[in-house]
Amino acid sequence: IIMPVQIDNRKIIRNLLQATPPTKIIILHGGLDKTLPVTMGRELAAIDPHQIDYFEFPGDGHVSILTSQRALIFSLLTGRKILHKPNQQTLPLEK
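Residues numbered from 1 in each chain as written. Predicted model: local features only at pLDDT ≥ 70, side-chain atom pairs only at ≥ 80, totals over all residues. Heavy atoms only, no water.

Enquirer: Explain the overall build of the chain here, please?
Expert: Secondary structure summary: the chain contains four helices and two strands in total. Listing every helix and strand of the chain by position from the N terminus yields α-β-α-β-α-α. Counting over 95 residues, the chain shows a buried share of 25%. A sequence separation of at least 24 residues applies to 66% of the contacts in the chain between residues at least 6 apart. Counting every atom, the chain has about 6800 Å² of accessible surface; 60% of that belongs to carbon and sulfur. (Helix = DSSP H or I, 4+ residues; strand = E, 2+ residues; numbered from the N terminus. Buried < 20%, exposed > 50% of the residue type's maximum accessible area, 1.4 Å probe, protein only. Contact = heavy atoms within 4.5 Å. Areas by Shrake-Rupley, 256 points an atom, 1.4 Å probe, with all protein chains shown as cover.)

Given below as structure tokens:
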């Protein structure tokens, strides 16, 4: 996957947060991601820690997070609780 570097994710997130009602944003980031630095995920989450939930998975990369955290991703998308713990320790951003 090639992602244009010109995308201003900060602007996109700020626009989403200005919606009425504000959009709830969830960011999941693999700590081993070599495509997008984990510092980017942390920076984006810090824009509004009350409206943005940030989960960091130290053992996952850019793509592996999609399979290793599948249950968590679907539970976050559907609002359903997962019946088991995520496969790896998560590091939520302190609020």
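Now that the structure is up, let's keep going.
Enquirer: Looking at this structure, how should I read the pattern of salt bridges?
Expert: Close approach of charged atoms allows side chains of opposite charge to pair. Throughout the structure, instances matching the rule amount to four salt bridges. Glu43 serves as the salt-bridge partner of Arg10, at 2.4 Å between the closest nitrogen and oxygen. With a gap of 33 residues between them, Arg10 in helix H1 (residues 9–17) and Glu43 in helix H2 (residues 38–45) connect regions that are remote in the sequence. Residue Arg10 is classed as partly exposed on the basis of its relative accessible area, which comes to 37%. (Salt bridge = Lys/Arg side-chain N within 4 Å of Asp/Glu carboxyl O.)

Enquirer: Is there a simple way to explain the side chain of Asp60 in this structure?
Expert: Along the chain, Asp60 turns up in the loop between strand S2 (52–57) and helix H3 (64–68). Arg70 is the oppositely charged side chain nearest to the buried, salt-bridge-free Asp60, at an N-O distance of 12 Å. Engagement of the side chain of Asp60 in a polar contact is seen with the side chain of Ser64, the distance being 3.0 Å. (Lys, Arg positive; Asp, Glu negative; His and termini not counted. Polar contact = N/O pair within 3.5 Å; in protein donor to acceptor, adjacent residues only side chain to side chain.)

Enquirer: Would you take a moment to explain the confidence of the model for the chain for this structure?
Expert: Low pLDDT marks regions whose predicted coordinates should not be analysed in detail. When pLDDT is averaged along the chain, the result is 82, and 80% of the positions lie at 70 or above. The model gives residues 84–88 a pLDDT under 50, and that stretch makes 11 contacts with residues more than four places away or in other chains. (pLDDT = per-residue confidence, 0-100.)

Enquirer: Just checking my understanding: could you explain the pairing of strand S1 (residues 25–30) for this structure?
Expert: Put simply, side chains in a regular strand alternate between the two faces of the sheet. Where S1 and S2 come together, six bridges link them in parallel fashion. Bridge pairing in S2 places Leu28 opposite Phe55. Following the backbone out of S1, through H2 and into the adjacent parallel S2, one traces a crossover that is right-handed. (Pairing = 2+ DSSP bridges. Right-handed = clockwise from strand over helix to strand, strands pointing away.)

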